[in-house]
Amino acid sequence: MEPPPSEVSRLSSADTPTAEVEAPDEAPVDTARQALVDRLASELGDALLASVIDKGDVWVRVRPDAWHAAARACRDTLGMDYFCFLSGIDWMPSAAPNPEVADVEVEGAEGDDAEAPPEPEAEPEAAPEPAAAPAVAADGWTTGVAGGDTRFQVLLRLYSTATHLGITLKADLDDDDPRVTSIADVYGGADWHERETWEMFGFGFEGHPNLLHLYLPSEFEGFPLRKDFPLLAREVKPWPGIVDVELIPESLEAKLEAAAGGGPAAPESSEPAE
Amino acid sequence: MTAVTDRQRLAYVNTQASEARVNVELQTEDMTLNLGPQHPATHGTLRVVAKLDGEQVVDADVVCGYMHRGYEKLTEVRTYPQVTTLINRIDWLSSFANEVPFILAAEKLMEIEAPPRAQYIRTLFFEMARIANIGLFLGEMALQVGALTPAFYAFRDREFVLNQIEAATGGRFHPNYDRLGGLKDDLPKGWIAETQAVMKRIREFCDELEGLVAGNIIFERRCRGVGVIPAEIGKAFGVSGANIRASGVDWDLRRDEASPLVWKDLDWKVWTHPDGDSFARYWVRLQEVRESTFMVDQMLEGLPAGSIQAKVPRIIKVPAGEAWVHTENPLGEMGFYIVSQGGLGPFRCKIRSASFNNVSVLPWLLKGTYVPDIITILASLYFILGDIDR
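Fair warning: this is a prediction, and the values are worked out from it, not measured in the lab.

> Lay out the overall build of chain B with the relevant residues and their values.
Counting its secondary structure elements, chain B contains 16 helices and 10 strands. Here the C-alpha coordinates of chain B stretch approximately 95 × 45 × 30 Å along the principal axes. Out of the 390 residues belonging to chain B, those deemed buried represent 54%. For chain B, contacts bridging at least 24 residues in sequence account for 71% of all contacts bridging at least 6.

Right under this line is the structure:
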């Protein structure tokens, strides 16, 4: 394994301090979850790269070489006795996994914006940007909560059946050779999840007892859940379900508004004909 | 009818003894037994490869993937409202319960909440899905150990529940009824009284099975002490739902997790059993079905009036972020980890299904058991193939 960088070098330094990305304390501080993060930080030291507490949930990003130690610390120190799941994320902006949706997003944008003004009365949608909003990494890719500076992230969710608190652990993996230590010896359930993540994302899990295909046939090539793996069905034929996001005919609109019983019929008038 | 002389008898005993000695000295060869992919006890296509020494399982391997449909990939090319159609097919016996955690996760990101009436009806159908699903299990499990009748009873009475689900949602198995911010339709006229009658009937069905199956000496002998999952092992494997409650873990997400659904308003009880064996798993589920009928009754009485749909934009875009929501589904903990980048569909959607983790304990659990017990253990763990393979 490459030696860890002397410090958290590639984390987007513009808006995020290197040590801990805390949720701005707009809400009452989640003391129970803060305690979890503090104990994990004292256990892992500077291997804990970032943590976010938001909406009753906690994310912790650790250095990949501390992955196994982090899982063990969660089990032994934090009392996370329940293994929930282990998986991966590929942050590569998908080339065109869903061109139809992308198209509609563009053309539907006007309609959506035009509709937006009447909305906020009902719901303050213009709330301050939640802390769980993704960070934009240095190279322009969007990465998720608690940041990240590589393409691949491995994701682990643990839970305590005693305190009913859960934690999401993340670690950045190398772009070309994503691998991390297996935690199958810490949590028995990680065995199958690592096999699944291995075949779907191509992450290596060092020390896994039998890294064999779980779902796919053994001669399968490629890693289906990577963003650059084409979904052939979509390439052959465009998704017919696209009609779903077409605008509702105006004749029906009034009826639907009435049925929804929401607000006055104001939105309709403010909606210009497409 | 020749009389057996003492000499003959003695010779016979001697032969037996020498054969027994040979058997002790000879190493018996391991035999590999393939259970499935098409075996009734696997509820679909799950293959268990068991290495046997005589009748005892030395090593077991579970092969899944015969029904893998790649839902996690497919969710990435669909819009949020379209995803519910897919995830209906994960655990197909309680489809509505699948929709709920996904919708809740998306709502969490959008920071909207459905009106109280919608939350009540969601919880109502969630529990009815549980009754339909586990109700079938109660008969099915008996079928696996050789009792045919309870399965017919289960299919008969489940139909009443499915009829009620169909009457309100339009779909027997795949309601596709949950929407972002609310529900597709309100309840039809006369539905509440009908459902109350059905719940009464389900309670009778539970009583019937409690005597017929759980109180049956043959069933007990087959299931008591078989397939014991210690609580610590179960939790480390992520075994959830009734399976872990049958190991004495008092943990139910309906009670222990803050949720916009209305379980907190109801008066009910979490059932556990200390034994952790196949019988305990059956018993806990039986109690849970009965408990659910009481919950449904309470919700039918306390159903608030009002709208069933919050205001949402017609083109639904979910703000960027990550959300994890898990609920106590009939088969155990089901959760969705949604990563949104502000588009029309999820950027990544990890589906954490209960059966996958529940079954992953099998290689550990089957070691040292006997062949007939494999069936009992598989049946009592209760998995749905779609929930394993996704």
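After that view, the rundown keeps rolling.
> Tell me about the overall build of chain A, and name the residues and values.
Along its length, chain A carries eight helices and nine strands. Looking at the 274 residues of chain A, the share that counts as buried comes to 38%. Of all intrachain contacts in chain A linking residues separated by at least 6 positions in sequence, the fraction that spans at least 24 positions is 65%.

> If you had to explain the sheet that holds strand β6 (residues 152-159) of chain A to someone new, which residues and values would you point to?
Residue and element names in this part refer to chain A. Read across the sheet, five strands follow the order β1-β2-β7-β6-β3 without closing on themselves; strand pairing throughout is mixed. Taken across any chain shown, the strands that pair with only one partner, and hence form the sheet edges, are β1 (48-54) and β3 (82-90). In this sheet, adjacent strand axes meet at a mean angle of 20 degrees when their direction is disregarded. Sheet topology note: the strand β2 (residues 57-62)/strand β7 (residues 166-173) ladder contains four bridges and is parallel. Bridge pairing links W59 to T168 in β7. Seen against the sheet, helix α1 (residues 31-44) touches β1, β2 and β7 and runs at an angle of roughly 175 degrees to β1. On top of the sheet, helix α5 (residues 190-201) reaches β3 and β6; it is set at about 10 degrees to β3, its chief contact.

> Which residues make up helix α4 (residues 95-110) of chain B, and what are the values?
Residue and element names in this part refer to chain B. Taking 1.5 Å per residue as the helical rise, α4 with its 16 residues ought to reach 22 Å, and the 23 Å between its terminal C-alpha atoms agrees with that figure. Along α4, 16 of the 16 residues are buried, which leaves the element largely enclosed by surrounding structure. The first or second residue beyond α4 is E111, which carries a positive phi of 55 degrees.

> Explain the environment of V57 of chain B to me, using residue names and the numbers behind them.
All names here are of chain B. Within the element layout of this structure, V57 appears in strand β5 (residues 56-63). The class for V57 is buried, based on 22 C-beta atoms found within 10 Å. Remark: the alpha-carbon pair of V57 and R348, spanning 291 residues in sequence, is separated by 40 Å. The contacts of V57, once residues within four sequence positions are left out, are A50, L52, L366, K367, G368, T369 and I374.

> Describe the packing of helix α3 (residues 80-87) of chain B against α4 of chain B, with residues and values.
Residue and element names in this part refer to chain B. Where α3 contacts α4, the axes come no closer than 9 Å and their chain directions differ by 155 degrees. Overall, the two elements α3 and α4 adopt an arrangement that is roughly antiparallel. Crossing of α3 against α4: the hand is right-handed. Facing α3, whose interface residues are Y80, V83, T84 and I87, α4 presents N98, E99, F102, I103 and A106. Among the residues making up the contact of α3 with α4, the classes are represented as six nonpolar, two polar and one charged.

> Describe the sheet that holds strand β4 (residues 47-53) of chain B, with residues and values.
All names here are of chain B. The strand order across the open sheet built from three strands is β1-β4-β5, with neighbouring strands paired in antiparallel fashion. This sheet does not close on itself; its edge strands, each paired only once, are β1 (31-35) and β5. Within the sheet, the average angular offset between the axes of one strand and its neighbour, ignoring direction, is 20 degrees. Pairing between β1 and β4: five bridges, direction antiparallel. Of the residues in β4, the one forming a bridge with T32 is K51. Against the sheet, helix α15 (residues 371-381) contacts β1, β4 and β5, and its axis sits at roughly 150 degrees relative to β4.

> Pulling in residues and values, what's your account of the packing of helix α5 (residues 116-144) of chain B against helix α7 (residues 191-214) of chain B?
Residue and element names in this part refer to chain B. For the pair α5 and α7, interaxial distance at closest approach is 11 Å and the crossing angle is 25 degrees. When the interaxial angle is binned, α5 and α7 end up roughly parallel. In this structure, the crossing between α5 and α7 has a hand that is left-handed. Counting all contacts with α5, which are made through I131, G135, L138 and A142, the residues of α7 involved are I202, F205, L209 and V213.

> I'd like to hear about the confidence of the model for chain A, residue by residue, with values.
With 62% of its residues at a pLDDT of 70 or more, chain A has an overall mean of 70. Counted against residues more than four places away or in other chains, residues 95-134 of chain A, with its pLDDT under 50, gives 69 contacts.

> Any details on the confidence of the model for chain B? Residues and values, ideally.
Residue and element names in this part refer to chain B. Residues at a pLDDT of 70 or more form 95% of chain B, whose mean pLDDT is 86. Helix α1 (residues 6-25) is the least confidently modelled element of chain B, averaging 67 in pLDDT, while helix α12 (residues 278-301) averages 92, the highest of any element. Model confidence for the complex is summarised by a pTM of 0.78, with the ipTM given as 0.82.

> Can you break down α5 of chain A residue by residue, with the values?
Its 12 residues place the ends of α5 of chain A 15 Å apart at the C-alpha level, agreeing with the 16 Å of an ideal helix rising 1.5 Å per residue. Summarising burial for α5 of chain A: 12 of the 12 residues are buried, a large majority. Of all the residues in α5 of chain A, the buried ones are A190, D191, W192, H193, E194, R195, E196, T197, W198, E199, M200 and F201 of chain A. Residues of α5 of chain A that are buried sit in contact with β3, β6 and β9 (204-206) of chain A together with α13 (354-360) of chain B. In the segment just after α5 of chain A, G202 of chain A is the residue with positive phi, at about 75 degrees.

> If you had to explain the pairing of β5 of chain B to someone new, which residues and values would you point to?
Bridge count between β4 of chain B and β5 of chain B: seven bridges; the pairing is antiparallel. The residue of β5 of chain B that forms the bridge with A50 of chain B is A60 of chain B.

> So, unusual backbone geometry: which residues are in play, and what are the values?
Residues and elements named next belong to chain A. Positive phi, normally seen in glycine, also occurs at K55, with a value near 50 degrees. Even without a glycine there, the phi angle at H164 is positive, about 60 degrees. By secondary structure assignment, the location of H164 is in the loop between β6 and β7. By C-beta crowding, H164 is classed as partly exposed, having 15 other C-beta atoms within 10 Å.

> Requested: an account of the nonpolar core, with residues and values cited.
Counting residues in each nonpolar core, the largest one holds 171 residues, and the members touching the most others are V60 and V62 of chain A together with A105 and A106 of chain B. Among the elements that take part in this core, α5 of chain B stands out by supplying 16 residues, more than any other. Once residues lying within four places of it in the same chain are set aside, the contact partners of V60 of chain A are V37, L40, L48, S51, A146, I167 and L169 of chain A.

Criteria and thresholds
Residues numbered from 1 in each chain as written. Chains lettered and ligands numbered in written order. Predicted model: local features only at pLDDT ≥ 70, side-chain atom pairs only at ≥ 80, totals over all residues. Helix = DSSP H or I, 4+ residues; strand = E, 2+ residues; numbered from the N terminus. Buried ≥ 20, exposed ≤ 12 C-beta atoms within 10 Å, placed from the backbone. Contact = placed C-beta atoms within 7 Å. Pairing = 2+ DSSP bridges. Axes fitted to C-alpha atoms, helices over the stretch in contact; angles between N-to-C directions. Expected span 1.5 Å × (residues − 1). Parallel < 35°, antiparallel > 145°, perpendicular 65-115°, else oblique. Left-handed = near helix turned anticlockwise from the far one by under 90°. Nonpolar A, V, L, I, M, F, W, Y, C, P; charged D, E, K, R; others polar. pLDDT = per-residue confidence, 0-100. Core = buried A, V, L, I, M, F, W, Y, C linked by C-beta atoms within 7 Å.

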